[in-house]
Amino acid sequence: MVAIFTTLADDLSGQYLADETSKRYTLKSKIIIPDDREALIKTIKEMVDEDIDVILTTGGTGLDSRDITVETVEELFDKKIEGCKNLREIDCFKCNVLR
């Protein structure tokens, strides 16, 4: 798992994701890195080289100019699966609008 935050104290969603993932799966690593393109690419490539099956990222997905996760990670894709993004957007909509 890669969390894009400045400090460990800022990483509330990353810690939640790690805790919930660990309840059902083996969490091989949790790494906190800054909003930095090269650090993100290096970290993900290292995880791929370590044969990690699934890489989850959190943080760095906002509208601020420093939020570069989505654009950076997309460059590493062999294939983009649009349906997953759409399902996530529907879930966000349900949680935030349909309360």
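These numbers were taken from a predicted model, which means no experiment stands behind them.

Caption draft 1: Fine view of the overall build of the chain. A tally of helices and strands in the chain yields 4 helices and 3 strands. For the chain, the sequential pattern of α-helices and β-strands runs β-α-β-α-β-α-α. Residues counted as buried form 25% of the 99 residues belonging to the chain. When contacts within the chain are restricted to residue pairs at least 6 apart in sequence, long-range pairs at least 24 apart make up 63% of them. Element-wise, carbon and sulfur atoms account for 55% of the exposed surface of the chain, whose accessible area totals about 7500 Å².

Caption draft 2: Summary view of the pattern of salt bridges. Tallying each qualifying case throughout the model produces 5 salt bridges. Counted as one network, the salt bridges with shared partners bring together R37, E38 and E75.

Caption draft 3: Focus on a negative patch on the surface. A surface patch of negative charge is lined by D49, E50, D51 and D53. Take D53: its relative accessible area is 74%, and that puts it in the exposed class.

Caption draft 4: A look at helix α1 (residues 12-24). Burial in α1 covers these residues: G14, A18 and T21. Within α1, the buried residues cover an arc of 70° as seen down the axis, which keeps them to one side. Opposite the packed face of α1, turned more than 90 degrees from it, sit the exposed residues L12, Y16, K23 and R24. Among the structural elements, β3 (57-58) are those in contact with the buried residues of α1.

Caption draft 5: Layout of the side chain of T58. Structurally, T58 can be placed in strand β3. Within the structure, the side chain of T58 is placed 3.2 Å from the side chain of S13, a separation counted as a polar contact.

Caption draft 6: View of helix α2 (residues 37-49). With 13 residues, α2 should reach 18 Å at 1.5 Å per residue; the first-to-last C-alpha distance of 18 Å fits that figure. Along α2, the positions that sit buried rather than exposed are A39, L40, I41, T43, I44 and M47.

Conventions we followed
Residues numbered from 1 in each chain as written. Predicted model: local features only at pLDDT ≥ 70, side-chain atom pairs only at ≥ 80, totals over all residues. Heavy atoms only, no water. Helix = DSSP H or I, 4+ residues; strand = E, 2+ residues; numbered from the N terminus. Buried < 20%, exposed > 50% of the residue type's maximum accessible area, 1.4 Å probe, protein only. Contact = heavy atoms within 4.5 Å. Areas by Shrake-Rupley, 256 points an atom, 1.4 Å probe, with all protein chains shown as cover. Salt bridge = Lys/Arg side-chain N within 4 Å of Asp/Glu carboxyl O. Patch = residues over 30% accessible without salt bridge, like charges linked within 9 Å, V, L, I, M, F, W, Y side chains within 5 Å. Lys, Arg positive; Asp, Glu negative; His and termini not counted. Charge placed at Lys NZ, Arg CZ, Asp CG, Glu CD. Arc of directions from axis to C-beta. Polar contact = N/O pair within 3.5 Å; in protein donor to acceptor, adjacent residues only side chain to side chain. Expected span 1.5 Å × (residues − 1).

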